[in-house]
Structures are given as C-alpha cells and as structure tokens.
Amino acid sequence: GSIQDIRIYDHCLSAHEAKDLSKACILNLDFSDPYAEPTTNVVPNGAFAYRGYWGNMTATLTSGVSIGSADYSIGLPFDQCQKFEVVGSSSGGGTYMSTNNITILPSTTYAYSYFIKASDSFSYTNQNMLYRYEYDSSNTIVAEGGSYSSSRIQKYANGWERIWGTFTTKSTTSYIHVNAFFYPTDSITYLVGGIQLEQKDHPTPFVDGARDDSIEY
C-alpha cells in the first residue's frame, strides 16, 4: 500500500478540527488561529451597567467608546469599550463599576474577566478589582468577595491588560452581580471592555453571548 497524505500539527487537534478534517478527502485548512473553546458569557453586551463612588471621589461611566484603530489592530476582541473617569483621591473614598443582577447556577465554578487600560501608571494588585455579590432567592447576600490575584493577568500591547479570577457559587445562590472596585490615589481614566462571566475554571476568548462548537457544511 501507499500513504498519500501526511500531516504534522504543532498541537493536539480539537474535536472541532478533527470533524472538519473528516468533511472531505482533500482540504485546504488554516489552523493558524487558535481554537476558540465553546462558552456562554452571561454578562449582557459584555459591559458594566452602572457606576458608583463614595467619599472623596466621583466617577462617570461612558459606553460605546471606540478603542481606535491602533488598539483594535493588536487583536482586542471588541471595537468599542467603556470609559470610566475617576476624579479625586482615595483617601476615604473609592469607585466601582457593576453589572445588573445575573441569574446563575448554585455550587458552580465561574471565571470572571475583563480588559482594562489605564491612562496613568496603575498597580493591578487589589483583589476587589474582580468582586462579586451572590444572592439567594429571598434577595439575601450569601457570599461576596474579591477573586483577583496578580498572577492572573494577560498583557496586550498599547497598555491593555486582561485580568481574571475564579470562584464557586454557594449552594443557595440564585443570582449575582459582579463589580470592579478601584481605589486610585489620584484622578485617572480607565478604558474597560470585554466583561465576561462564564461557567469555567479559566477564561476563554471574549464573546458577546454564546460560542458553540457547531460546524457549517
């Protein structure tokens, strides 16, 4: 016998790629793009819904801000973001962004992540940058806390970072809202985008809605 086609790949083929290979005898496929794991992002529009502040700080949140061609060219998975402008000092004050209430599953691990770019030097060290409040069906808080650590950061060009953390919901959790708390020492502007909450123990590429594993024939 003889072998007509030999291929060597630099990674283990996913089920999606293997199925694609079976569709024809001769294929011209490009596997240069990484396989995007199926997931569902339960944050509507991948955006925060409102902002808040207290003490010596004030803040505004503007949606639909274009990231510009320079930032888009580095591979960010969105072309619009939110601008979070903070004025004041953190001495006795702070600021936050938050989603509205989101229905989720109890006793389930979730990954929470977003992209951020600061207008000035900024230290990504506070675990409350990824914060959540969990509620039961009677609207009582059953858990809250920060889930970010400095080891969980992905660096992009032009000053963008993606930070992420994980947590497991309580057995009585019915819904949640996720927050991002900031305590800057001076006035600063943040660009934030790609807010994602997914049923995973790790972050996957951002998606607005759901990404499945279906194949088009």
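### A look at the environment of T189
Then comes step 1: Topologically, T189 is positioned in strand 13 (residues 188–198).
Then comes step 2: For T189 and E85, which are 104 residues apart along the polypeptide, the C-alpha to C-alpha distance reads 4.4 Å.
Then comes step 3: Once residues within four sequence positions are removed from consideration, T189 is found in contact with K83, F84, E85, K117, A118 and S119.

### Topic: the side chain of Q82
Then comes step 1: Within the element layout of this structure, Q82 appears in strand 4 (residues 80–88).
Then comes step 2: A residue is classified by how much of its surface remains accessible, and Q82, at 3% relative accessible area, is buried.
Then comes step 3: Reaching out from Q82, the side chain makes a polar contact with the backbone oxygen of F48 at a distance of 2.9 Å.
Then comes step 4: A polar atom in the side chain of Q82 sits 3.0 Å from the side chain of S63.
Then comes step 5: Excluding residues that lie within four positions of it along the chain, Q82 makes contacts with A47, F48, L61, T62, S63, Y190, L191, V192 and I195.

### Points about a nonpolar patch on the surface
Then comes step 1: A surface patch of nonpolar side chains, about 420 Å² in accessible area, is lined by I3, I6 and I8.
Then comes step 2: Relative to the elements of secondary structure, I8 occurs in the segment before helix 1 (15–21).
Then comes step 3: Residue classification places I8 among the exposed positions, given a relative accessible area of 81%.

### Examining the side chain of T169
Then comes step 1: If you trace the backbone, T169 turns up in the loop between strand 11 (161–168) and strand 12 (175–182).
Then comes step 2: On the accessibility criterion, T169 (4% relative accessible area) is buried.
Then comes step 3: Polar contacts involving the side chain of T169 include one to the main-chain carbonyl oxygen of L105, which spans 2.8 Å.
Then comes step 4: One polar contact links the side chain of T169 to the main-chain amide nitrogen of T108, over a distance of 2.9 Å.

### Some words on the pattern of salt bridges
Then comes step 1: If you walk through the whole model with that rule in mind, you get 4 salt bridges.
Then comes step 2: Ionic pairing is found between K117 and D71, a salt bridge with its closest N-O pair at 3.3 Å. Here K117 is found in strand 7 (residues 109–118), whereas its partner D71 is found in helix 2 (residues 68–72), with 46 residues between them in sequence.
Then comes step 3: On the basis of relative accessible area, D71 is assigned to the buried category, the value being 6%.
Then comes step 4: The residue K155 makes a salt bridge to E161 at a minimum N-O spacing of 3.3 Å.
Then comes step 5: Given a relative accessible area of 10%, E161 falls into the buried group.

### Quick word on the nonpolar core
Then comes step 1: Ranked by size, the top nonpolar core spans 29 residues in total, and within it F48, Y112, Y114, F182 and L197 carry the most contacts.
Then comes step 2: For this core, the secondary-structure elements that each account for two or more residues are strand 3 (57–66), strand 4, strand 7, strand 11, strand 12 and strand 13.
Then comes step 3: Setting aside anything within four residues of it in sequence, one finds F48 in contact with L61, Q82, M97, S98, T99, Y112, Y114, V178, N179, A180, V192 and I195.
Then comes step 4: Ranked by size, the runner-up nonpolar core spans 9 residues in total, among them L76, W160, L191 and F206.

### Regarding the environment of V142
Then comes step 1: Position of V142 relative to the elements: it lies in strand 9 (residues 141–146).
Then comes step 2: Assessed through its relative accessible area of 28%, V142 is described here as partly exposed.
Then comes step 3: Taking C-alpha positions, V142 is 6.9 Å from T173, a pair spaced 31 residues apart along the chain.
Then comes step 4: With near-sequence residues (within four places) excluded, V142 lies in contact with E134, Y135, D136, K170, T172 and T173.

### A word on the confidence of the model for the chain
Then comes step 1: For the chain, mean pLDDT is 87; residues scoring 70 or higher make up 86% of the total.
Then comes step 2: Strand 8 (residues 131–135) holds the highest mean pLDDT among the elements of the chain, 98, whereas helix 1 holds the lowest, 66.
Then comes step 3: Taken as a whole, residues 25–29 scores under 50 in pLDDT and shows 5 contacts with residues more than four places along the chain or in a different chain.

### Here we look at the sheet that holds strand 7
Then comes step 1: Ordered in space as 3-4-13-7-11-10, the 6 strands form an open sheet in which the pairing is antiparallel. Both outer strands of the open sheet, strand 3 and strand 10 (148–155), are each paired with one neighbouring strand and no more. Strand-to-strand twist of the sheet, defined as the mean angle between neighbouring strand axes without regard to direction, takes the value 30 degrees.
Then comes step 2: Relative to strand 13, strand 4 is paired through 5 bridges, and the arrangement is antiparallel. From the neighbouring strand, K83 faces strand 13, where its bridge partner is L191.

So, how was this worked out
Residues numbered from 1 in each chain as written. Predicted model: local features only at pLDDT ≥ 70, side-chain atom pairs only at ≥ 80, totals over all residues. Heavy atoms only, no water. Helix = DSSP H or I, 4+ residues; strand = E, 2+ residues; numbered from the N terminus. Contact = heavy atoms within 4.5 Å. Buried < 20%, exposed > 50% of the residue type's maximum accessible area, 1.4 Å probe, protein only. Polar contact = N/O pair within 3.5 Å; in protein donor to acceptor, adjacent residues only side chain to side chain. Patch = residues over 30% accessible without salt bridge, like charges linked within 9 Å, V, L, I, M, F, W, Y side chains within 5 Å. Areas by Shrake-Rupley, 256 points an atom, 1.4 Å probe, with all protein chains shown as cover. Salt bridge = Lys/Arg side-chain N within 4 Å of Asp/Glu carboxyl O. Core = buried A, V, L, I, M, F, W, Y, C linked by side-chain atoms within 4.5 Å. pLDDT = per-residue confidence, 0-100. Pairing = 2+ DSSP bridges. Axes fitted to C-alpha atoms, helices over the stretch in contact; angles between N-to-C directions.

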